[in-house]
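Observations on the model geometry
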Amino acid sequence: MVEKDICWILDTLAKEYVGGAYPGRSSEGLNPEWPADPFHVLIATILSQRTRDDNTRRASDNLFHLYDSIDELADADIDKVVDAVRPAGFPKQKGSAIIECCQMLRDEFDGIVPSDTEELLKLPMVGRKTAACVRSYAMDIPSVCVDTHVHRIANLMGLVHTKDPTETEFELMRITPKDRWNDINRYIVRHGQVVCLPNKHNCSKCSVRSMCDSCTIPY
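This is a predicted model, so every value here is computed, not measured.

1. Regarding helix H1 (residues 6-16)
Taken together, the buried positions of H1 are occupied by Ile6, Ile9, Leu10, Thr12 and Leu13. Buried residues along H1 cover an arc of 165 degrees about the axis, so they all sit on one side. Tucked into the core, H1 has its buried residues touching helix H9 (148-157), helix H10 (165-175) and helix H11 (181-194). Here H1 starts with a cap whose side-chain oxygen sits 3.2 Å from the backbone nitrogen of cysteine 7, and that cap is aspartate 5.

2. A few points about the environment of proline 87
Structurally, the position occupied by proline 87 is in the loop between helix H5 (78-85) and helix H6 (91-108). C-alpha of proline 87 to C-alpha of aspartate 54: the two residues are 33 residues apart in sequence and 8.9 Å apart in space. Non-local contacts of proline 87, meaning those with residues more than four positions away in its chain, are made with Thr51, Asn55, Arg58, Ala59 and Asn62.

3. Some remarks on the nonpolar core
In this structure, Leu42, Ile43, Leu63, Leu73 and Leu123 are the most contacted members of the largest nonpolar core, which totals 38 residues. Among the elements of the structure, helix H2 (38-48), helix H3 (53-66), helix H4 (70-74), H5, H6 and helix H8 (128-138) are those that each provide at least two residues to this core. If near-sequence neighbours (up to four positions away) are discounted, leucine 73 is found in contact with Phe39, Ile43, Leu63, Tyr67, Val81, Ile98, Ile99 and Cys102. In terms of nonpolar packing, the next biggest core, distinct from the first, is built from 27 residues, Ala154, Met157, Val160 and Val195 among them.

4. Focus: the packing of H1 against H11
The contact between H1 and H11 brings their axes to 9 Å, and the two run at 60 degrees. One way to sum up the angle between H1 and H11 is to call them oblique. Two packed elements cross with a definite hand, and for H1 against H11 that hand is left-handed. Residue-level contacts link Leu10, Leu13 and Ala14 of H1 to Asp183, Ile184, Tyr187, Ile188 and His191 of H11. Of the residues belonging to the contact of H1 with H11, the class tally is 6 nonpolar, 1 polar and 1 charged.

5. Things to note about the state of the cysteines
A full pass over the atoms with the stated rule returns 0 disulfides. Cysteine cysteine 101 is unpaired, with the sulfur of cysteine 102 as its nearest cysteine sulfur at 5.3 Å. The class of cysteine 101 is buried, set by a relative accessible area of 0%. Free cysteine cysteine 215: the closest other cysteine sulfur is in cysteine 203, separated by 3.9 Å. Accessibility expressed as a relative area gives 14% for cysteine 215, which makes it buried.

Rules behind the numbers
Residues numbered from 1 in each chain as written. Predicted model: local features only at pLDDT ≥ 70, side-chain atom pairs only at ≥ 80, totals over all residues. Heavy atoms only, no water. Buried < 20%, exposed > 50% of the residue type's maximum accessible area, 1.4 Å probe, protein only. Helix = DSSP H or I, 4+ residues; strand = E, 2+ residues; numbered from the N terminus. Arc of directions from axis to C-beta. Contact = heavy atoms within 4.5 Å. Polar contact = N/O pair within 3.5 Å; in protein donor to acceptor, adjacent residues only side chain to side chain. Core = buried A, V, L, I, M, F, W, Y, C linked by side-chain atoms within 4.5 Å. Axes fitted to C-alpha atoms, helices over the stretch in contact; angles between N-to-C directions. Parallel < 35°, antiparallel > 145°, perpendicular 65-115°, else oblique. Left-handed = near helix turned anticlockwise from the far one by under 90°. Nonpolar A, V, L, I, M, F, W, Y, C, P; charged D, E, K, R; others polar. Disulfide = S-S within 2.5 Å.

Put into structure tokens, the structure is as follows:
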């Protein structure tokens, strides 16, 4: 079993995936037209739950074309929001949650997306992954954002041996320098989208396979 160097892994992946990834980016690596501020990243990350990247991109573009602020979405017509976010799946659930989320931000947080994790977790459909994405991508606060790609690949490689994303988050925090926490999601997600696919790992194309416990192809 190879001793893991997570900083080397992140440095290597950074060369492969310039710019990394964040919610709303297309599968081709193109950034959305809307800004990566706390409001937009929060809503896009809610939309990204249980759907593909391109679906998130279409839904977020649709929504922000109609409503582009916390106040506008707080007062939005539910039917229009549901129709706009339909490409992301679960449109009624996500549409209702987004409107309620913006109402809470307006009424309880003075129209500002909070930076504290526990405060973010009070918002509808915001779990630890969504909170970490907002803190990492929109606020540049060191945070380990664990989605299905990060949880799966970290365990495949042997970086962690965990049962769920929350365990993975805290274990990655333990073994990774804090100033590299934001890079974990940024580059491992892209690796999971391009090379280490859920149903096909493509080890021959993997630039970090020398650090992977699951790879049987010589480096």
